[in-house]
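Coordinates in review
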Amino acid sequence: MKKILTLALIYSLFAVGAQAQCTIWGPADKGTKTEMTSYDAKGKVTGKSKQELVNIATQNGDTHYTIESEYFDKKDRSSGKNTMEFICQSDGTFVIDMKSIAGSAAAVEGTKITMKNLVYPQNLKVGTTLEDAEVEFGVEMEGSPFQIPPTKIVIKDQKVVAKETVSTPAGTFDCYKIQQTTSMKLPMVKEVVLFSYCWISKDVGTVKTEAYKSEGGDLVSSSVLTKLEK
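Residues numbered from 1 in each chain as written. Predicted model: local features only at pLDDT ≥ 70, side-chain atom pairs only at ≥ 80, totals over all residues. Heavy atoms only, no water.

Let's talk about the overall build of the protein
The helix and strand tally for the protein stands at one helix and 14 strands. Of all 230 residues assigned to the protein, the portion counted as buried reaches 48%. Just so you have it, the protein exposes about 11500 Å², and 48% of that area is on carbon and sulfur atoms. (Helix = DSSP H or I, 4+ residues; strand = E, 2+ residues; numbered from the N terminus. Buried < 20%, exposed > 50% of the residue type's maximum accessible area, 1.4 Å probe, protein only. Areas by Shrake-Rupley, 256 points an atom, 1.4 Å probe, with all protein chains shown as cover.)

Structural notes on the pairing of strand 4 (residues 78–88)
Bridge analysis of strand 3 (residues 62–73) against strand 4 gives ten bridges, and the strand direction is antiparallel. Considered in strand 4, the bridge of E68 is made with T83. Here strand 3 hands over to strand 4 after four residues, with D76 in that stretch at a positive phi of 65°. Bridge count for strand 4 against strand 5 (residues 94–96) is three bridges, and the pairing is antiparallel. From the neighbouring strand, I87 faces strand 5, where its bridge partner is V95. (Pairing = 2+ DSSP bridges.)

Notes on the layout of surface pockets
Within this model, the second largest pocket holds a volume of roughly 230 Å³. For the lining of the second largest pocket, the secondary structure elements donating two or more residues are strand 1 (33–40), strand 2 (45–59), strand 3 and strand 14 (219–229). Per-element accounting of the lining of the second largest pocket gives the leading share, four residues, to strand 3. A per-class count over the lining of the second largest pocket returns one nonpolar, three polar and nine charged. (1 Å grid on protein atoms, 1.4 Å probe; cavity = no way out; pocket = protein on both sides within 12 Å on 5 of 7 lines; lining within 4 Å. Points joined across faces, edges and corners; volume = space filled by probe spheres on them. Nonpolar A, V, L, I, M, F, W, Y, C, P; charged D, E, K, R; others polar.)

Brief notes about the confidence of the model for the protein
When the pLDDT values of the protein are averaged, the result is 85; 82% of them are 70 or greater. When the criterion is pLDDT under 50, residues 15–20 qualifies, and its contacts beyond four places in sequence or with other chains add up to 29 contacts. (pLDDT = per-residue confidence, 0-100. Contact = heavy atoms within 4.5 Å.)

Some remarks on unusual backbone geometry
The phi torsion at D76 lies on the positive side, around 65°, for a residue other than glycine. Structurally, D76 can be placed in the loop between strand 3 and strand 4. A positive phi angle, close to 55°, is found at D157, a residue other than glycine. Take D157: it is sitting in strand 10 (residues 151–168).

Some details on the nonpolar core
Formed by 32 residues in total, the largest nonpolar core has its most connected members in F86, M98, L118, Y120, L124, I178 and I200. Of all the elements in the fold, those that place two or more residues in this core are strand 3, strand 4, strand 5, strand 7 (118–120), strand 9 (133–139), strand 10, strand 11 (171–185) and strand 12 (192–201). Examining the composition of this core, we find that four residues originate from one element, strand 12, more than from any other. In this structure, L124 is in contact with W25, L130, V160, Y176, I178 and I200, ignoring residues within four places of it in sequence. Core analysis: the next-biggest nonpolar cluster, separate from the first, contains eleven residues, F195, Y197, W199 and L225 among them. (Core = buried A, V, L, I, M, F, W, Y, C linked by side-chain atoms within 4.5 Å.)

Considerations on the state of the cysteines
Scanning the model with the defined rule gives zero disulfides in all. With no disulfide of its own, C175 has C198 as its nearest cysteine by sulfur position, at a separation of 9.0 Å. According to the relative accessible area criterion, C175 is buried, its value standing at 1%. Residue classification places C198 among the buried residues on the basis of a relative accessible area of 1%. (Disulfide = S-S within 2.5 Å.)

Here's what the structure looks like:
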């Protein structure tokens, strides 16, 4: 469940866009709501994530977007909440604050976070290669012999590989298909490395995701945009 929630959070980071100076890879209007439904390899529902754009603010020429997210298990019981931030920079680039992945852990006293944000150029096209992004966070317990290893998540080998039309219960969308490799090292858990595809649409955000054990390997999980309310 913890791995599924982490994946859901990573994919939900693509679900919002920016103002006119940025290419909009998600809804840009305050109050817009989206819902992503997650599935296992057999197509059974494993949970949902719901997002709402709750605030837009300008700071030093950059536009900051605040997203409130809530996650639900397969029985539709709430399993956690998170606040995320996205930035439309004055130079036209779209930035995802990787600190968002740390969630509530970022507010814990003694938490140390190092990161490299996800950055998207103003105009994506097939063949565009994106820079790696990562976040590492953990609590340093000064003077204690018991130290919990940090959590580290790396998103790498990102490339726009196709432009495709994707249909979901929320509608039909023109999308860019991005391939990437995500490694997740959680405390006391063996490192998980997944190869995945993410379909993103202008003015919508994430429309569909698929995660595999390796490139060309078995499907592990998927998610689809099931609701879009503006």
